[in-house]
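Residues per chain are reported as follows:
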Amino acid sequence: MTDVFSEPDIHFMHRALALARHAETAEGEVPVGAVLVLNGDVIGEGWNRNITLNDPSAHAEIIAMRDAGQRVSNYRFPGAVLYVTLEPCAMCSMAIIHARIGRVVYGATDPKTGAAGSVFDTLTSERHNHRVAVAGGLLADEAGDLLRRFFRSRR
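Residues numbered from 1 in each chain as written. Predicted model: local features only at pLDDT ≥ 70, side-chain atom pairs only at ≥ 80, totals over all residues. Heavy atoms only, no water.

- The protein chain carries the name tRNA-specific adenosine deaminase in an unreviewed UniProt entry, which gives Tahibacter amnicola as its organism.
- Taken verbatim from the UniProt record of the protein chain, the Subunit (unreviewed entry) comment is "Homodimer."
- Its UniProt record, at the heading Catalytic activity (unreviewed entry), says of the protein chain: "adenosine(34) in tRNA + H2O + H(+) = inosine(34) in tRNA + NH4(+)". (UniProt positions renumbered as here; feature names shortened; annotations may be inferred.)

## Considering the side chain of Glu29
- Examined against the element boundaries, Glu29 turns out to sit in the loop between helix H1 (7-27) and strand S1 (33-38).
- Within polar-contact distance, the side chain of Glu29 engages the backbone nitrogen of Ile51 at 3.0 Å.
- If we ignore the near neighbours within four places in the chain, the residues touching Glu29 are Ala23, Glu24, Asn48, Arg49, Asn50, Ile51, Thr52 and Phe150. (Helix = DSSP H or I, 4+ residues; strand = E, 2+ residues; numbered from the N terminus. Polar contact = N/O pair within 3.5 Å; in protein donor to acceptor, adjacent residues only side chain to side chain. Contact = heavy atoms within 4.5 Å.)

## A closer look at a positive patch on the surface
- Taken together, Lys112, Arg149, Arg152 and Arg155 make up a surface patch of like positive charges.
- Its place among the elements puts Arg155 in the segment after helix H5 (140-154). (Patch = residues over 30% accessible without salt bridge, like charges linked within 9 Å, V, L, I, M, F, W, Y side chains within 5 Å. Areas by Shrake-Rupley, 256 points an atom, 1.4 Å probe, with all protein chains shown as cover. Salt bridge = Lys/Arg side-chain N within 4 Å of Asp/Glu carboxyl O. Lys, Arg positive; Asp, Glu negative; His and termini not counted. Charge placed at Lys NZ, Arg CZ, Asp CG, Glu CD.)

## Structural notes on the UniProt feature "active site" (unreviewed entry) in the protein chain
- Following the UniProt record, one finds the feature "active site" (unreviewed entry) at Glu61.
- Leaving out residues up to four positions away in the same chain, Glu61 has contacts with Ala34, Leu82, Val84, Leu86, Pro88, Cys89 and Cys92.

## Examining the side chain of Glu87
- Positionally, Glu87 belongs in the loop between strand S3 (81-86) and helix H4 (90-98).
- Although buried, Glu87 forms no salt bridge, and the nearest oppositely charged side chain, Arg148, lies 12 Å from it.
- Separated by 3.2 Å, the side chain of Glu87 and the backbone nitrogen of Gly117 make a polar contact.
- At 2.5 Å, the side chain of Glu87 and the side chain of Ser118 are in polar contact.
- Apart from residues no more than four positions distant in its own chain, Glu87 is found in contact with Tyr106, Ala108, Thr109, Asp110, Gly114, Ala115, Ala116, Gly117 and Ser118. (Buried < 20%, exposed > 50% of the residue type's maximum accessible area, 1.4 Å probe, protein only.)

As structure tokens, this is what we get:
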């Protein structure tokens, strides 16, 4: 899926990519980064920290939402846009729904566990009382290359 993206979309995805590179270089983590934006302002940032924190829930999206919760003193972010370098998994997608995030923009698709349309359609399921707009494929080549290089280096 490829959508039309705005200049702010591109700007914030570049920031998410920088966080993904930080995850790998500073912490040896799988290079995934996320930025949560509300009204044009960054309210949360995160990168994968599963290994560092010994926490299976410490995906970039979850860390960004935790950061936002602390910054804005709330657990819901209606109207916010989450930029993430890799398509969210089912766990992150459900957290996104519970947080009432309005839109997710992701880079690379995840053909194994993607829950924003690749494998599952969790974010847009009519079974939920909240649906999230989804736009995928922004800077997908760059995001995918980061992941491919990371996993090749581990084999």
